[in-house]
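Here are the chains, one letter per residue:
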Amino acid sequence: DAGVIQSPRHEVTEMGQEVTLRCKPISGHNSLFWYRQTMMRGLELLIYFNNNVPIDDSGMPEDRFSAKMPNASFSTLKIQPSEPRDSAVYFCASSSPTSRETQYFGPGTRLLVL
Amino acid sequence: LAKTTQPISMDSYEGQEVNITCSHNNIATNDYITWYQQFPSQGPRFIIQGYKTKVTNEVASLFIPADRKSSTLSLPRVSLSDTAVYYCLVGDMGDSSASKIIFGSGTRLSIRP
């Protein structure tokens, strides 16, 4: 099993630019999570999908952030426009229908907004 | 919403047993207790999960008292490679609208030779 795949692994962009992060969950998993991790705020849940439907997006910081899951094997997290305070490591995780509490994390995308 | 409290950091030596305790006084009836391990520059990795009493796998043991208001992760005979941040989570994903996952600050475990 390839595990959760995220791309890009690193992203450097300038303030105001659009950033798109991508995630491919583990095959057969029907729950997908997007997290953000910073030194100041730790690991924060941004949004949670179940069967491709957003269930809880209360962690999305503001309207500049949006997430989609068009099918069971792909999700995107978009920031438009990006700001320096969005700099963080963004993780995607997935879990199976039989054990949703057990999440498998991807390697993360390290985002730096200048 | 069950909040968890863990020690910020712990130190130990190779070969020792390490016990990390997590408090979750407001745990709900349907909540499970899950522990994750995170190394620098990696995503968290699932270690163990339990509901009550004791759970053991090839990596760790999890002790949960009858009142379930706390849990203890036990790492037998630690090595340098066990140096990481350990997170305790409490939640129930069975009811997708009820529980929000909060990782908290975790416990930074440092193992010395």
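Read on for a plain summary of the structure.

Regarding the overall build of chain B
Scanning chain B for helices and strands turns up 0 helices and 9 strands. Its C-alpha atoms give chain B principal-axis dimensions of roughly 45 × 30 × 25 Å. Per-residue burial over chain B gives 45% buried out of 113 residues. Pairs at least 24 residues apart make up 56% of the contacts formed inside chain B by residues separated by at least 6 positions. For chain B, the exposed surface amounts to about 5,800 Å²; the carbon and sulfur share of it is 49%.

What about the sheet that holds strand β5 (residues 53–56) of chain B?
Residues and elements named next belong to chain B. Pairing in this open sheet of 4 strands is antiparallel, and the strands run β2-β7-β6-β5 from one edge to the other. In this open sheet, the two edge strands, each paired with only one partner strand, are β2 (18–23) and β5. Recorded for the sheet is a direction-independent mean angle of 15° between the axes of neighbouring strands. Across 3 bridges, the pairing between strand β6 (residues 61–64) and strand β7 (residues 70–75) is antiparallel. Residue pairing in the sheet places Phe-63 in a bridge with Thr-72 of β7.

Points about the interface of chain B and chain A
Interfaces are often described in size by the accessible area the parts lose on coming together. At the interface, 19 residues of chain B touch 20 residues of chain A. Carbon and sulfur atoms supply 53% of the area buried between chain B and chain A, which totals about 1,700 Å² over both sides. Seen at the junction of chain B and chain A, the total is 0 salt bridges. Counting across the chain B and chain A interface gives 3 residue pairs in polar contact (both at pLDDT 80 or more). Among the secondary structure elements, those contributing two or more residues to the side of chain B that touches chain A are β3 (32–38), β4 (45–50) and β8 (84–91) of chain B. Of the residues forming the side of chain B that touches chain A, the biggest block, 4 residues, is contributed by β3 of chain B. Of the residues belonging to the side of chain B that touches chain A, the class tally is 8 nonpolar, 9 polar and 2 charged.

Describing the state of the cysteines
Residue and element names in this part refer to chain A. This structure, assessed with the given rule, holds 2 disulfides over all chains. Here Cys-23 is linked by a disulfide to Cys-92, with a sulfur-sulfur distance of 1.8 Å. Judged by the sign of its S-S torsion, about -65°, the cystine formed by Cys-23 and Cys-92 is left-handed. With Cys-23 in strand β3 (residues 19–24) and Cys-92 in strand β9 (residues 88–96), this residue pair connects regions lying 69 residues apart in the sequence. Using a relative accessible area of 1% as the deciding quantity, one classes Cys-23 as buried.

So, the packing of aromatic side chains
By the definition in use, this model includes 7 aromatic pairs over all chains. Ring centres of Phe-91 of chain A and Phe-105 of chain A lie 6.2 Å apart, and the angle between their planes is 80°; this geometry places the pair in the edge-to-face category. With a gap of 14 residues between them, Phe-91 of chain A in strand β9 and Phe-105 of chain A in strand β10 (residues 99–105) connect regions that are remote in the sequence. Residue Phe-105 of chain A is classed as buried on the basis of its relative accessible area, which comes to 13%. Within the aromatic cluster, the residues linked to one another by ring pairs are Phe-33, Tyr-35, Tyr-48, Phe-91 and Phe-105 of chain A together with Tyr-36 and Phe-46 of chain B. When the ring centre of Tyr-51 of chain B is taken as origin, the NZ or CZ atom of Arg-68 of chain B, which lies over that ring, is 3.9 Å away.

Rules used throughout
- Residues numbered from 1 in each chain as written.
- Chains lettered and ligands numbered in written order.
- Predicted model: local features only at pLDDT ≥ 70, side-chain atom pairs only at ≥ 80, totals over all residues.
- Heavy atoms only, no water.
- Helix = DSSP H or I, 4+ residues; strand = E, 2+ residues; numbered from the N terminus.
- Buried < 20%, exposed > 50% of the residue type's maximum accessible area, 1.4 Å probe, protein only.
- Contact = heavy atoms within 4.5 Å.
- Areas by Shrake-Rupley, 256 points an atom, 1.4 Å probe, with all protein chains shown as cover.
- Pairing = 2+ DSSP bridges.
- Axes fitted to C-alpha atoms, helices over the stretch in contact; angles between N-to-C directions.
- Buried area = accessible area lost by both parts, 1.4 Å probe.
- Salt bridge = Lys/Arg side-chain N within 4 Å of Asp/Glu carboxyl O.
- Polar contact = N/O pair within 3.5 Å; in protein donor to acceptor, adjacent residues only side chain to side chain.
- Nonpolar A, V, L, I, M, F, W, Y, C, P; charged D, E, K, R; others polar.
- Disulfide = S-S within 2.5 Å.
- Phe/Tyr/Trp six-rings, centres within 6.5 Å; stacked < 30°, edge-to-face > 60°.
- Lys NZ or Arg CZ within 6 Å of the ring centre and 35° of its normal.

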